Amino acid sequence: MWQNLTRTQVIAVSARTATAFVIAGLDVLAVVLCAGIVFLGLRYKKVYEVKERYDLIAAQSECIWLDYTFSPQHLVVTGSIGQFTGFDMLDFMGVEVYDIYNWVNEDATPIRSTVRSFFNSGEEYFKTDLLIRRLDDTYAWYALTGTLVKHEKTGKNKRFVVRMENIDSQMTQEKELTEKAENDQLTGILNKKTMEERISTQLEHRTGSGNLIFFMIDLDNFKDVNDTLGHVYGDKVLTEAAEKLKQVFPAKAMIGRLGGDEFGVCASFDAFDLDNLTEYMTQKGDKLCDILKEKYVSGDKSVRVSASIGIASAPADGEDFLTIYQKADKALYLSKRSGKNRYNLFQHSAADE
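Residues numbered from 1 in each chain as written. Predicted model: local features only at pLDDT ≥ 70, side-chain atom pairs only at ≥ 80, totals over all residues. Heavy atoms only, no water.

A. Quick look at the overall build of the chain. Each helix and strand counted, the chain has 10 helices and 11 strands in total. Within the chain, the proportion of its 353 residues that are buried is 35%. Restricting to contacts in the chain with at least 6 residues of sequence separation, those with at least 24 account for 58%. For the chain, the exposed surface amounts to about 22100 Å²; the carbon and sulfur share of it is 54%. (Helix = DSSP H or I, 4+ residues; strand = E, 2+ residues; numbered from the N terminus. Buried < 20%, exposed > 50% of the residue type's maximum accessible area, 1.4 Å probe, protein only. Contact = heavy atoms within 4.5 Å. Areas by Shrake-Rupley, 256 points an atom, 1.4 Å probe, with all protein chains shown as cover.)

As structure tokens, this is what we get:
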């Protein structure tokens, strides 16, 4: 009996001891878990505070930071992207990395080839300006500066960290200043100085079989408009003539006011042969004469306006601006002398008369 009692007591003591150890272990585990939770909480708080700080800085300076990891592909955005681009990162969820290029106007900056060339160049720093599309299909300018980080051992691309800053207002101001300096104040097209500079540059860099055709256009009876109808009508004739020239020629053509009622257009054309070039010039000449012919009326007074035009081309008629200008001017003089409201292509025999 005593032996059985002793065994029962030993078992009870052992059970209590085991329970005590379990409880003690659970207490230690609870302490560790609590400590871990506190540690992770503090760490998360720190990370959140750092992100919040960067977001605040980004909002103040209108900047966004992009941190792209190559392998595995991962993109982290810091800053309020929606505030500056008009779209949220949710718009990019589920799309391929390269689909992001669809938001960029590549006519302004060929970003795909630019980035690819940079990655292959071995250079460390990247810089360019991008025209980025917003949700309302308008565009805004952003300056991108980036740093490429490589693996120390393999030398492969590891991370690409980019700072993207909104510079739209700055670019708009610069564009306005440039246009003010380069454009005619009344008509909005290029002024004579800018026309000469740009045509000279194109002539210097002309390559291959491409032709540059210069149209010199003088409005007939413009003095009668000012004298008979007044200068308000004179300004109206000039501004309307400028708009009509834009309708005849493609957007890449240079259109300018050379002074008074005289305009100039320089257009490029890659002709198959001389007949093809002549056909292009005559078609444009016919179109110009037709579209610039107009009757202006004020009360019982009226004036008919038309255009006399001279046309010369490079390299056939010369390879510098002054030569082309002078030959087009001679062809224009022949149009005036022949009765106005017509065009003439420069020909040596006719010009030497």
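B. Highlighting the pattern of salt bridges. The tally for this structure, following the rule as stated, stands at 10 salt bridges. Of the charged contacts, one joins Glu165 and Arg163 as a salt bridge, the two residues approaching to 3.2 Å between their closest N and O atoms. The class for Glu165 is partly exposed, based on a relative accessible area of 26%. Using a relative accessible area of 30% as the deciding quantity, one classes Arg163 as partly exposed. Residues participating in the shared-partner salt-bridge network are Asp218, Asp220 and Lys336. (Salt bridge = Lys/Arg side-chain N within 4 Å of Asp/Glu carboxyl O.)

C. Here's a closer look at the sheet that holds strand β4 (residues 139–150). As summarised here, the arrangement of the five strands in space is β2-β1-β5-β4-β3, forming an open sheet in which the pairing is antiparallel. Each edge of the sheet is formed by a strand with only one pairing partner; in this case those strands are β2 (74–78) and β3 (125–133). Within this sheet the neighbouring strands show an average axis-to-axis angle of 20 degrees, counted without direction. Here strand β1 (residues 63–69) pairs with strand β5 (residues 157–166) via seven bridges, running antiparallel. By the bridge assignment, Trp65 is partnered in β5 with Arg163. (Pairing = 2+ DSSP bridges. Axes fitted to C-alpha atoms, helices over the stretch in contact; angles between N-to-C directions.)

D. Spotlight on the environment of Glu106. By secondary structure assignment, the location of Glu106 is in the loop between α2 (81–85) and α3 (111–121). Distance in space between the C-alpha atoms of Glu106 and Leu130 is 8.3 Å, their sequence separation being 24 residues. Beyond its immediate chain neighbours, meaning those up to four positions away, Glu106 contacts Ile111 and Arg112.

E. Looking closely at the nonpolar core. Core analysis: the biggest nonpolar cluster contains 35 residues, and Phe215, Ile217, Phe249, Phe263 and Leu288 have the highest contact counts within it. Of all the secondary-structure elements, those providing two or more residues to this core are β6 (211–220), α6 (222–229), α7 (231–248), β8 (262–269), α8 (274–291) and β10 (301–314). Not counting residues up to four positions away in its chain, the partners in contact with Leu288 are Phe215, Ile217, Leu245, Val248, Phe249 and Ile309. Within the second largest apolar cluster, 21 residues are counted, among which are Phe70, Val104, Leu130 and Phe160. (Core = buried A, V, L, I, M, F, W, Y, C linked by side-chain atoms within 4.5 Å.)

F. A look at helix α5 (residues 192–204). When the terminal C-alpha atoms of α5 are compared, their 18 Å separation across 13 residues agrees well with the 18 Å that a helix rising 1.5 Å per residue should span. Every buried residue of α5 is accounted for by Thr194, Met195, Ile199 and Leu203. An end-on view of α5 places all buried positions within 160 degrees of arc, on one side of the element. Counted as exposed and oriented over 90 degrees from the buried face of α5: Lys193 and Glu204. (Expected span 1.5 Å × (residues − 1). Arc of directions from axis to C-beta.)

G. Region of interest: the side chain of Asn276. By secondary structure assignment, the location of Asn276 is in helix α8. Relative accessible area serves as the criterion here: at 15%, Asn276 is assigned to the buried category. A polar atom in the side chain of Asn276 sits 3.0 Å from the backbone nitrogen of Phe272. Every residue in contact with Asn276, bar those within four places of it in the chain, is listed here: Phe269, Asp270 and Ala271. (Polar contact = N/O pair within 3.5 Å; in protein donor to acceptor, adjacent residues only side chain to side chain.)

H. Expanded view of unusual backbone geometry. In this chain, Ser71 is followed by Pro72 through a cis amide linkage whose omega measures -5 degrees. Mapping Pro72 onto the fold places it in the loop between β1 and β2. Look at the link from Ala314 to Pro315: it is a cis peptide, with omega at 10 degrees. Mapped onto the fold, Pro315 is located in the loop between β10 and α9 (321–337). For Asn221, which is not glycine, the phi dihedral falls at a positive 65 degrees.

I. Structural detail: the packing of α7 against α8. Viewed as axis vectors pointing N to C, α7 and α8 meet at an angle of 145 degrees, and their least axial separation amounts to 10 Å. Viewed along their axes, α7 and α8 form a crossing whose handedness is right-handed. From α7, Lys244, Leu245, Gln247 and Val248 reach across to α8, where they touch Lys284, Lys287, Leu288 and Ile291. Across the contact of α7 with α8, the residue classes tally to four nonpolar, one polar and three charged. (Left-handed = near helix turned anticlockwise from the far one by under 90°. Nonpolar A, V, L, I, M, F, W, Y, C, P; charged D, E, K, R; others polar.)

From the geometry alone we can't say anything about function, so treat these as descriptive.
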